Amino acid sequence: MNFIETRGNDGKNPKEVTFSQAILSPIASFGGLYVPKELPDLGQAFLDKHLNSSYKELASDMLSRFEIDIDKSVIDEALNLYDKFDDAKNPVPVVKVRDDLYVSELYHGPTRAFKDMALQPFGVVLSSIAQKRGENYLILAATSGDTGPAALETFKNRANVQVACLYPDGGTSDVQRLQMVTEDAKNLKVIGINGVFDDAQNALKRLLASDSFKSALKEKNILLSAANSVNFGRIIFQIIYHIHSYLELVRQGAIEMGEKVYLDVPSGNFGNALGGYYAMKMGLPVEKIIIASNENNVLTRLINTGRYDLVGHGVVSTTSPAMDILKSSNVERILYDMFGDKRTKELMNDLDTNFVYELTSDELAKLQESFAADFCNGDEGKKYIKDTFASGYLMDPHTATCFKAYESCAEKDLKTIAYSTAEWTKFSPTIANALTGELDARDEDALKAISEEAKLPIPAMIKELFSKEIAQKTVIEKDMIESEILKFL
């Protein structure tokens with residue numbers, strides 16, 4: 001299968017590229033992204049075939065339907081990393097929380113967040129391609145809290161790869177920050193910036209498109225790629241768990257095969273939601289994808305009004321910081337799929353130039369055929385955390401936003417799968433405040449309090465963070481990012 005460009009072709013890049021080319025150089029013509037030329041049609045037969053399959057068997061078969069140019073031995077090695085999750089037989093548990101609401105827990109990997117689901121295998125694939133081609137790569141990552149730890153974990157000490165990870169200083173939880181700044185592998189560089197996540201992401205996109213930066217790397221015999229969800233190598237692995245979660249509901253007797261469900265996704269950069277959209281397009285029985293946001297509710301406004309408007313809107317710090325994002329990269333892939341490359345280029349140019357674009361009424365109607373949206377503020381989220389804990393389930397503040405959207409957007413009497421993107425350990429002060437009213441607790445103290453209250457152990461990989469040495473101490477202004485990365489290299 002080949003990949004094409006969301007904003008059309010500029011006459012300089014190839015009109016079509018392979019999967020390996022798309023993940024090695026993820027930015028396409030005019031600053032666009034790569035998407036599959038066509039999606040495989042899985043259909044009922046595929047779902048029936050995998051009703052009793054393991055997660056790895058399901059993943060292997062789905063990837064084979066994309067006919068990607070990666071050796072099967074590399075794919076097998078990548079998928080074997082799921083064996084290191086909490087339960088090798090079931091890396092993504094799906095838990096009943098209400099009669100018609102099930103939570104798909106995506107956080108049982110090494111960094112306790114859903115980014116492990118895609119980045120664990122992605123690291124193996126990209127490093128293997130680089131070695132096969134005899135090339136060296138700088139992998140850029142910009143993080144609002146979860147991509148960074150997962151990218152650093154998967155790429156550390158891998159051959160032919162170096163990583164520069166950008167994060168907003170003060171814009172992540174303490175645990176997320178510690179997961180990054182305690183990494184000491186020589187091929188990793190962690191850079192805190194005085195700014196917000198959008199500043200980090202904008203810098204990443206600018207560097208990926210910068211000829212002068214690429215030339216400076218070329219002098220060092222280094223090529224450039226990215227670990228963010230602008231890279232389709234991330235997205236392809238994020239389709240799988242939506243299919244798995246649906247099959248889990250069938251296995252549990254919650255639904256009949258073929259019965260439609262809602263997918264309820266807490267979304268910042270829209271990669272998780274895009275994976276669900278592609279799964280639906282490939283034949284998964286989905287009624288709609290519900291987008292849950294926090295106070296940075298640009299996606300809610302887009303889906304409910306058709307207007308993507310950043311004018312006068314700055315990023316608001318919230319209790320769900322991994323969603324503190326205004327420019328959601330993967331919305332572009334939805335626009336392309338629905339409206340084509342010319343319209344996508346026009347809309348994205350409007351956003352880049354005027355910080356706003358607006359869909360026509362027909363375009364909005366088409367968007368709303370597949371998506372619904374609502375947002376949840378911090379106080380509402382903490383109430384959902386407290387009430388749900390009282391009924392026996394502990395969740396993080398990002399998952400809590402799904403409960404508001406589930407109540408307001410699920411219009412039909414269908415089961416809903418909500419996606420839990422991070423373990424409670426990543427945001428313990430907010431959860432402690434929700435459960436006990438405790439204010440300004442340090443992460444370490446909050447973890448202990450919740451562990452005692454919920455009678456749950458603190459995972460070893462979280463507990464040990466507080467005694468590890470800080471290896472990455474760089475915090476800079478955002479205009480120094482390029483020079484800092486080149487200094488590292």
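Residues numbered from 1 in each chain as written. Predicted model: local features only at pLDDT ≥ 70, side-chain atom pairs only at ≥ 80, totals over all residues. Heavy atoms only, no water.

### Some thoughts on the packing of helix H5 (residues 115-133) against helix H10 (residues 232-251)
- The geometry of H5 relative to H10 is characterised by a closest axis approach of 8 Å and an angle of 130° between their N-to-C directions. On the basis of the axis angle, H5 is oblique to H10. Judged by the sense of rotation from one axis to the other, the crossing of H5 with H10 is right-handed. Contacts from Lys-115, Met-117, Ala-118, Leu-119, Pro-121, Phe-122 and Val-125 of H5 reach H10 at Gly-233, Arg-234, Phe-237, Gln-238 and Tyr-241.
- The residue inventory of the contact of H5 with H10, partitioned by class, reads eight nonpolar, two polar and two charged. (Axes fitted to C-alpha atoms, helices over the stretch in contact; angles between N-to-C directions. Helix = DSSP H or I, 4+ residues; strand = E, 2+ residues; numbered from the N terminus. Parallel < 35°, antiparallel > 145°, perpendicular 65-115°, else oblique. Left-handed = near helix turned anticlockwise from the far one by under 90°. Contact = heavy atoms within 4.5 Å. Nonpolar A, V, L, I, M, F, W, Y, C, P; charged D, E, K, R; others polar.)

### Notes on the environment of Glu-369
- Turning to its location among the elements, Glu-369 is positioned in helix H14 (residues 361-370).
- With 356 residues separating them in the primary sequence, Glu-369 and Asn-13 have C-alpha atoms 34 Å apart.
- Setting aside chain neighbours within four positions, we find Glu-369 in contact with Glu-287 and Lys-288.

### As for the nonpolar core
- Core analysis: the largest hydrophobic core is formed by 149 residues, its most contacted members being Met-62, Ile-243, Ile-289, Tyr-357 and Phe-371.
- Ranked by residues supplied to this core, first place goes to H10 with twelve residues.
- Apart from the residues lying within four places of it in its own chain, the contact partners of Ile-243 are Leu-42, Phe-46, Leu-47, Leu-58, Met-62, Ala-279 and Leu-284.
- Leu-208, Phe-213, Ala-226 and Ile-476 belong to the second largest nonpolar core, which has 25 residues in total. (Core = buried A, V, L, I, M, F, W, Y, C linked by side-chain atoms within 4.5 Å. Buried < 20%, exposed > 50% of the residue type's maximum accessible area, 1.4 Å probe, protein only.)

### A closer look at the sheet that holds strand E8 (residues 223-226)
- With parallel pairing, the five strands of this open sheet are ordered in space as E8-E5-E6-E7-E15. Two strands close off the open sheet at either side, each with one partner strand: E8 and strand E15 (475-476).
- Relative to E8, strand E5 (residues 137-142) runs parallel, the two sharing four bridges. When the bridges of E8 are listed, Leu-140 appears paired with Ala-226.
- Relative to E5, H5 is tilted by about 155°, and along the sheet it contacts E5, strand E6 (161-168) and E8. (Pairing = 2+ DSSP bridges.)

### Some words on the environment of Lys-214
- Residue position: Lys-214 is located in helix H9 (residues 211-218).
- Look at Lys-214 and you get partly exposed, because its relative accessible area is 36%.
- For the pair Lys-214 and Ser-20, spaced 194 residues apart in the sequence, the C-alpha separation amounts to 19 Å.
- Leaving out residues up to four positions away in the same chain, Lys-214 has contacts with Leu-208, Ala-209 and Leu-224.
- In this structure the side chain of Lys-214 is engaged in a polar contact, spanning 3.0 Å, whose partner is the backbone oxygen of Leu-208. (Polar contact = N/O pair within 3.5 Å; in protein donor to acceptor, adjacent residues only side chain to side chain.)

### Remarks on the sheet that holds strand E3 (residues 94-98)
- Strand order in the open sheet formed by six strands is E3-E4-E14-E9-E10-E13, with mixed pairing between adjacent strands. This sheet does not close on itself; its edge strands, each paired only once, are E3 and strand E13 (371-375). Direction aside, neighbouring strands of the sheet carry axes that sit 25° apart on average.
- Pairing of strand E9 (residues 261-266) with strand E14 (residues 416-420), which is carried by three bridges, proceeds in the parallel orientation. Counted as the bridge partner of Tyr-262 is Thr-416 from E14.
- Contacting E9, strand E10 (286-293), E13 and E14, helix H11 (residues 271-281) crosses the sheet at an angle of about 175° to E10.
- Here H14 sits on the sheet and contacts E10 and E13; the angle it forms with E10, its principal contact strand, is near 100°.

### Topic: the packing of helix H3 (residues 55-65) against H10
- The geometry of H3 relative to H10 is characterised by a closest axis approach of 10 Å and an angle of 130° between their N-to-C directions. Here H10 runs oblique to H3, going by the angle between their axes. Here H3 and H10 pass one another in a crossing that is right-handed. Residue-level inspection shows Tyr-55, Leu-58, Ala-59, Met-62 and Leu-63 of H3 in contact with H10, the latter providing Ile-236, Phe-237, Ile-239, Ile-240, Tyr-241, Ile-243, His-244 and Leu-247.
- Here the residues of the contact of H3 with H10 are counted per class, giving twelve nonpolar, one polar and no charged.

### Quick notes on the pairing of E6
- Taken across its eight residues, E6 has seven buried, putting it largely inside the fold.
- Across six bridges, E5 lies against E6 in parallel orientation. Of the residues in E6, the one forming a bridge with Ala-141 is Cys-165.
- Relative to strand E7 (residues 188-193), E6 is paired through six bridges, and the arrangement is parallel. Within the sheet, the bridge partner assigned to Leu-166 lies in E7 and is Ile-191.

### Details of the packing of aromatic side chains
- As enumerated under the stated definition, the model contains twelve aromatic pairs in all.
- For the ring pair Tyr-82 and Phe-85, a centre distance of 5.4 Å and an interplane angle of 70° mean the geometry is edge-to-face.
- A relative accessible area of 1% means that Tyr-82 is categorised as buried.
- Clustering of aromatic rings is evident, with ring pairs tying together Phe-3, Phe-19, Phe-232, Phe-270, Tyr-277, Tyr-278 and Phe-371.
- One residue, Lys-345, lies across the ring of Phe-30, its end atom 3.6 Å from the ring centre. (Phe/Tyr/Trp six-rings, centres within 6.5 Å; stacked < 30°, edge-to-face > 60°. Lys NZ or Arg CZ within 6 Å of the ring centre and 35° of its normal.)

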